[in-house]
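Structural features, examined
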Amino acid sequence: MTIQKTTLMPTSYSVILAVSGSHLINDLIQFLLPALYPVLKSEYSLNYFQLGLLTLAQQITACILQPVMGLYGDLKPKPYTLAVSMMIVALGVVMLATADSFMLLLVAATVLGVGSALFHPEASRVCRMASGGKRGFAQSSFQVGGNTGTALGPLAAALFVLPLGQVSTVWFGLFAVIGVIILIWVAQWFTNHQRIVRTAGTPEISLPQLPRKRLIISFAIIGALLLSKFVYVETYKSYYTFFLIEKFGLEIKYAQTLLFVFLGAVAVGTFVGGPVGDRIGRRKVIWGSILGALPFALMLPHANLLGTVVLSIIVGLVLASAFSAIVVFAQELLPQKVGMVSGFVFGFAFGIGALGAASLGALADQIGMQQVFSYLSVLLFLGLLTFYLPDID
């Protein structure tokens, strides 16, 4: 085992907060598309498979672009990439507001996905730079910003977008402008930080590097864990409202509100996982989160409305705690390629989640959404593979 050294500097809470806030804006805007699915399904006579294709178009760009952009950032850091990514997101939301056909919706979804793909690996790298060694805390803070934005998506849809229609999403472009301003400031900090690292001779910490074969096995297991979590969560994001409407006959606004409750629980759980991982080890958090959610996920499709709400909160809280721990664990497997690793984790997670959602949407067209949800929890059995992850905490 060789030793890889990385520079350690004091924690910059203002930068972590700024990047987390920008993540909130990005993911709020990204979720406007799935939040509009009930409207788009009716307006354009779309089936579940077509809705899944919109999710796929939005997310598959992340699967392809994020590892590439992350590696490029490792080799040639570009501080202003974050601001450019938010400009692309602003363009995407304008296109979403003005699209009048399924094909134009696909294009808008793709543009939104490109902006998100550019944002995530570089933002994750900046949070690690600003962490001062509190990597779990920094990554959780970053993730909770995004999950809060995602949770606010259905609430914004219920209160604003659904009553006013698809075109009203254009106003969310103003949030993207705010995000651009914030990220220009972050880019200035990034540039100054790099200059200090090069000249100040700051202290260093040592991190382990595993043999190549063990790294390949470890990343394959991480991929399986991401599949279990993100296909589950992405399916809920895309179809939970339809499940509630189909099973309990709820109105769209009420179903969107309950989706907000689930996603809010995901946001809270995401923040908890990082600091706990700093204290007890990330491998233990991954164990507890994915397998801990399993019994509740198995019960959820068979519960009454109140039970469904309560169980969704528990599942969201417990399952979400894994992601920050997975991201930091993967970064520490290859600490010299943080951007590439972050891009792989985010890209694979978004891509596999989108593919899973599209596939399950097609299946729901054949067997019904309730039946799909009854099978979904089987994915969480993949959490057993955590046993084979190396103990590097």
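Data block above holds the structure.
Below is a summary of the structure that appears in this document. Within each chain, residues carry numbers counting from 1 in the order of the written sequence. With pLDDT at 70 or above as the cut-off, local features in this predicted model cover only qualifying residues; side-chain atom pairs require 80 or more to be listed or tallied, and sums for whole chains, interfaces and linings still use all residues. The basis for every side-chain value is the complete set of non-hydrogen atoms in the structure, without hydrogens or water.

1. A closer look at helix 12 (residues 338-367)
An ideal rise of 1.5 Å per residue puts 44 Å on 30 residues; helix 12 measures up with 42 Å between its terminal C-alpha atoms. A run of DSSP states H or I qualifies as a helix once it reaches four residues; a run of E qualifies as a strand once it reaches two. Both are numbered from the N-terminal end. G368, located one to two residues past helix 12, shows a positive phi value of around 95°. A helix is expected to span 1.5 Å for every residue after the first.

2. Concerning the packing of helix 6 (residues 135-164) against helix 9 (residues 252-280)
Note on geometry: axes are lines fitted to C-alpha atoms, helical ones only across the stretch in contact, with angles between N-to-C directions running from 0 to 180 degrees. The contact between helix 6 and helix 9 brings their axes to 7 Å, and the two run at 175°. The pairing of helix 6 with helix 9 is recorded here as roughly antiparallel in orientation. Across the contact of helix 6 with helix 9, the residue classes tally to 18 nonpolar, 12 polar and three charged. Orientation categories follow fixed angle ranges, with anything under 35 degrees roughly parallel, anything over 145 roughly antiparallel, 65 to 115 roughly perpendicular, and all other angles oblique. Gly counts as polar in this scheme, as do all residues outside two lists: the nonpolar Ala, Val, Leu, Ile, Met, Phe, Trp, Tyr, Cys and Pro, and the charged Asp, Glu, Lys and Arg.

3. Observations regarding empty space enclosed by the protein
If a probe the size of a water molecule is rolled over the atoms, the empty space left behind becomes visible. Site definitions follow a grid-based scheme: protein atoms alone, a 1 Å grid, a 1.4 Å probe that fits but cannot get out for cavities, and for pockets an open set with protein on both sides within 12 Å along at least five of seven lines, plus lining residues having an atom within 4 Å of a point. Grid points are joined across faces, edges and corners, and a volume is the space filled by probe spheres set on the points. Taken as a whole and judged by the stated rule, the model has two cavities of 30 Å³ or more. Reported here for the largest cavity is a volume of approximately 370 Å³. Lining the largest cavity are 25 residues; nearest its centre among them are D27, N147, T150, K237 and F350. Per element, the largest residue contribution to the lining of the largest cavity is six residues, and it comes from helix 8 (residues 212-248). Here the residues of the lining of the largest cavity are counted per class, giving nine nonpolar, 12 polar and four charged. What lines the second largest cavity is simply M69, Y72, G73, K78, T81, L118 and E122. Looking at the lining of the second largest cavity, the elements with two or more residues in it are helix 3 (48-75) and helix 5 (102-130). Tallying contributions element by element places helix 3 first for the lining of the second largest cavity, with three residues.

4. Re the nonpolar core
Residues belong to one nonpolar core when they are buried, are Ala, Val, Leu, Ile, Met, Phe, Trp, Tyr or Cys, and are joined through side-chain atoms within 4.5 Å. Between buried and exposed lies partly exposed: a residue is buried under 20% and exposed over 50% of the maximum accessible area for its type, with that area taken using a 1.4 Å probe on protein chains only. Core analysis: the largest hydrophobic core is formed by 115 residues, its most contacted members being L54 and I222. At 16 residues, helix 8 tops the list of elements feeding residues into this core. In what follows, a contact means two residues having at least one pair of non-hydrogen atoms within 4.5 Å. When sequence neighbours within four positions are dropped, the list of residues in contact with L54 reads L33, Y37, L40, L46, F102, L105, L106 and A109.

5. Observations regarding a nonpolar patch on the surface
The patches described consist of residues with a relative accessible area above 30% and no salt bridge, like charges being joined within 9 Å and nonpolar side chains (Val, Leu, Ile, Met, Phe, Trp, Tyr) within 5 Å. Note on areas: Shrake-Rupley, 1.4 Å probe, and residue coverage restricted to the protein chains presented here. Salt bridges are defined as contacts in which a side-chain nitrogen from Lys or Arg sits within 4 Å of a carboxyl oxygen from Asp or Glu. A surface patch of nonpolar side chains, amounting to about 420 Å² of accessible area, comprises V268, V272, V276, I280, I313 and L317. Elements with a minimum of two residues in the nonpolar patch: helix 9 and helix 11 (305-333). When residues of the nonpolar patch are assigned to their parent elements, the largest contribution, four residues, is made by helix 9. With respect to the secondary-structure elements, V272 resides in helix 9. Here V272 falls in the partly exposed class, since its relative accessible area comes to 41%.

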